[in-house]
Amino acid sequence: MAISTEVPQTVEWNGKKVPVYPMEIIDFSKLLSQEPVEIERLVSCCQETGYFYLDLRGIDGRRMLEDQQDTLKLMYRFFDAPLEAKNEFGLVAPHLGYEPIGSRTGVLENTKDGYEMIKVSRDEIQKDSPHLPAVIKNSPDMKVLEHAIAGANIATKTILAALSTGLGLTGASRFENSHRNERPSTSTIAMMHYIPSDPSAKNIGHQKHTDISSLTFLFAEQWGLQVRPPGSKEFGFVEPKPGMAVINVGDSLRFASGHTMQSCIHRVVPLDPTEHRYSIAYFLRAENATMFTDSEGRYITAGQWHDEKFFAFTSPPELQALAPSSMILGGMTEEDESAAAADAETTKDAPSPIVGATNMKETVQVY
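Along every chain, residues carry numbers that run from 1 in the direction the sequence is written. It should be noted that, the model being predicted, local features are given only for residues of pLDDT at least 70 and side-chain atom pairs only at 80 or more, the latter also being counted only at that level, while totals for whole chains, interfaces and linings use all residues. Side-chain calculation: all heavy atoms of the structure are included, whereas hydrogens and water are not.

**Details of the overall build of the protein**
Here a strand is any run of E in DSSP of at least two residues, a helix any run of H or I of at least four, and the numbering for each starts at the N terminus. Broken down by element type, the protein carries 11 helices and 17 strands. Using a 1.4 Å probe on the protein chains alone, a residue whose accessible area is under 20% of its type maximum counts as buried, one over 50% counts as exposed, and one in between counts as partly exposed. Taken over 367 residues, the protein has a buried fraction of 55%. Contacts in the protein between residues at least 24 apart in sequence constitute 74% of all its contacts with a sequence separation of at least 6. Carbon and sulfur atoms provide 53% of the accessible area of the protein, an area that totals close to 15,600 Å². Every residue pair with non-hydrogen atoms within 4.5 Å of one another is taken to be in contact. What sets the accessible areas is the Shrake-Rupley method with a 1.4 Å probe; for residues, cover comes only from the shown protein chains.

**Some remarks on the pattern of salt bridges**
Salt bridge criterion: a side-chain nitrogen from Lys or Arg within 4 Å of a carboxyl oxygen from Asp or Glu. The tally for this structure, following the rule as stated, stands at 17 salt bridges. Close ionic contact of Arg104 with Glu99 constitutes a salt bridge, the shortest N to O distance being 2.7 Å. A residue is classified by how much of its surface remains accessible, and Arg104, at 6% relative accessible area, is buried. The closest approach of N and O atoms between Arg298 and Asp294, which form a salt bridge, is 2.6 Å. We classify Arg298 as buried; its relative accessible area is 19%. Classification of Asp294 as buried rests on a relative accessible area of 2%. One salt-bridge network, held together by shared partners, links Glu24, Glu38 and Arg41.

**Overview of the environment of Glu24**
When you line up the elements, Glu24 lands in the loop between strand 2 (16-19) and strand 3 (25-27). Judged by relative accessible area, which is 33%, Glu24 ranks as partly exposed. Considered as a pair, Glu24 and Leu54 are 30 residues apart in the sequence and their alpha carbons are 8.7 Å apart. Pairs of N or O atoms within 3.5 Å make up the polar contacts considered here, provided that, within protein, one atom can donate a hydrogen while the other can accept it, and that residues adjacent in sequence are counted only when both atoms are side-chain atoms. Side chain to side chain, Glu24 and Arg41 meet in a polar contact 3.0 Å long.

**Let's talk about the side chain of Asp307**
Summarising the element assignment, Asp307 is placed in helix 8 (residues 302-313). Positive: Lys, Arg. Negative: Asp, Glu. His and the chain ends are not part of the count. Buried charge without a partner: Asp307 forms no salt bridge, and the closest opposite charge is Arg285, 8.4 Å away. Looking at Asp307, its side chain comes within polar contact range of the side chain of His306, at 3.0 Å.

**With respect to the packing of aromatic side chains**
Paired rings are identified among Phe, Tyr and Trp, the last through its six-membered ring, by centres lying within 6.5 Å, and are further divided according to the angle between planes into stacked (under 30 degrees), edge-to-face (over 60) and tilted (the rest). For the coordinates displayed, the defined rule picks out nine aromatic pairs. With a centroid separation of 5.2 Å and an interplanar angle of 45°, the aromatic rings of Tyr115 and Tyr194 are classed as tilted. In this pair, Tyr115 sits in strand 7 (residues 115-121) while Tyr194 sits in strand 8 (residues 188-194), placing the two residues 79 residues apart along the sequence. By the burial criterion, Tyr115 is buried, and Tyr194 matches it. Ring centres 5.1 Å apart and planes at 85° place the aromatic pair Phe217 and Phe219 in the edge-to-face group. Judged on exposure class, the residue Phe217 and its partner Phe219 are both buried. Each residue in the set Tyr76, Phe78, Phe79, Tyr98 and Tyr278 is aromatic and connected to the rest through ring pairs, giving one cluster. Only when the NZ atom of a Lys or the CZ atom of an Arg is both within 6 Å of the ring centre and within 35 degrees of the ring normal do we say a charge sits over the ring. The ring of Phe235 carries Arg267 above its face, with NZ or CZ at 4.3 Å from the centroid. Its guanidinium or amino end placed over the ring of Tyr194, Arg277 lies 5.2 Å from that ring's centre, counting from NZ or CZ.

**As for the sheet that holds strand 10 (residues 215-220)**
The strand order across the open sheet built from nine strands is 3-4-13-10-15-8-7-6-5, with neighbouring strands paired in mixed fashion. The strands lining the two open edges of the sheet, one partner per strand, are strand 3 and strand 5 (91-93). On average, each strand axis in the sheet is inclined to that of its neighbour by 25°, with strand direction left out of account. A strand pair is defined by DSSP finding two or more bridges across the two strands. Sheet topology places strand 10 next to strand 15 (residues 277-284); six bridges connect them, and they run antiparallel. Axes here refer to lines fitted to C-alpha atoms; in helices the fit is confined to the stretch in contact. Angles between the N-to-C directions go from 0 to 180 degrees.

**Considering helix 6 (residues 139-166)**
Over its 28 residues, helix 6 runs 40 Å from end to end, which matches the ideal 40 Å to within 8%, given 1.5 Å per residue. Residue Asn138 occupies the N-cap position of helix 6, its side-chain oxygen lying 2.9 Å from the main-chain nitrogen of Asp141. Of the residues trailing helix 6, Gly168 is marked for its positive phi of about 75°. Between the first and last residue of a helix there are one fewer steps than residues, each counted as 1.5 Å, and that sum is the expected span.

**Observations regarding the packing of helix 2 (residues 36-48) against helix 6**
The contact between helix 2 and helix 6 brings their axes to 9 Å, and the two run at 95°. The angle between helix 2 and helix 6 places the two elements in the roughly perpendicular class. Seen from helix 2, the contacting residues are Ile39, Leu42, Val43 and Cys46; seen from helix 6, they are Ile159, Ala162, Leu163, Thr165 and Gly166. Three classes are used, and their members are as follows: Ala, Val, Leu, Ile, Met, Phe, Trp, Tyr, Cys and Pro are nonpolar, Asp, Glu, Lys and Arg are charged, and the others, Gly among them, are polar. Its residues assigned to classes, the contact of helix 2 with helix 6 comprises seven nonpolar, two polar and no charged. Reported orientations rely on four angle classes, namely roughly parallel under 35 degrees, roughly antiparallel over 145, roughly perpendicular from 65 to 115, and oblique for the rest.

Spelled out as C-alpha cells, the structure:
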C-alpha cells in the first residue's frame, strides 16, 4: 500500500487553500476477527503514514460511539463550570488534572495554545477515590469516564494485538505484553475544549508534535485536526467522519517497532474561528518500565521518555529550541527540514536542559 499523494479536496484556511488528506479506513470488527487482509492493511498504514480511520459502526464498536456522546455531555458541563471549580487541583501529574488555556505554546509564532484540557488516567479512575475535581467526582460522571477509558483501551489493545500478529511477533515480544493492564503506565483520556479564535488571536490551536503514546484513539466531530504525512510539504486537514475514530501511531510504538512505524506529525488549528471545538483523545502508553531505543539513540524507559517530552512540550519556545531536534517530533522529520536534521546530527550529544529533566514534580507547577 503506497502512501497516497492524491489530494481530492481543499479547504480555505488562513487565506490559502489547504489540502484535505485521504486516510485509509480500518474495520474494527475485522480486526477482532483477526482477518489477515485487514491486518495487512493495518500494518501498512502504521508503517507508511502512521494514521488511519477506525470504523466503529458495526455492532462491536457502537458502544464506543455511545460512550463518546456521553463523554461529550460531561465535557460540556465541566468546561462550562467556573475556572476555580475546574482547576480545583490543577495539574496533579503530567497525565492527570486540569490545564487552563494558554498553558503551552500555540500553533503559530508568538502565540499560546487555544484550549483547556482535563486528563483522567486509567490507573487513577480505578481507585476508590480518584483525584478528580468535585464537579465531575460523582457516580454517574465517573461511570461515564470508566466506560470511555475501558472502550478505548480495548480498541487500542486490539490494534496492538493485530499489529503483533501482522509482524509475526510471539511471546514476550508482542506489543501488548508491554502494555499490561495491571502494570503502572501513564495511559490517560484527555478531554479538550478549544476556544473560538482566528489566526490573529494570541491563543490559538495546538502546536505541531508527535504523541508520546503508543497509539492515540481520537474522537473529534469538528474540523481542526491537521496532519503532515511523511514526505509531504505542508499540513493538511483530516475530515471528521461519523462513526469513526482517528488512530495515530505515537513515539513509543515507533520506538518499539525498531523505528519502522511512522509517528504521526499533527497539530490543531481553528478552521471555523467562531466555534467552540471539543475532542476526546485516549493515549495508550507503554508500561512505565518498558525499555526502548529513543530518537536520540538512548536506551531508556517509557516513563523517562514521557517525562522528558512532556517537559519539552510545555516549555516556552526559547527552551524548546534547546531540546534535541528530535524531541517534539519523536525523530520524525519534515520535508523542508532534512538539511536542518543533518546539521542537528552533529550536535546530537550537546547538553540540553530537556534531556534528563525527569523530576516533573517541580517543573509541572511552573508551566
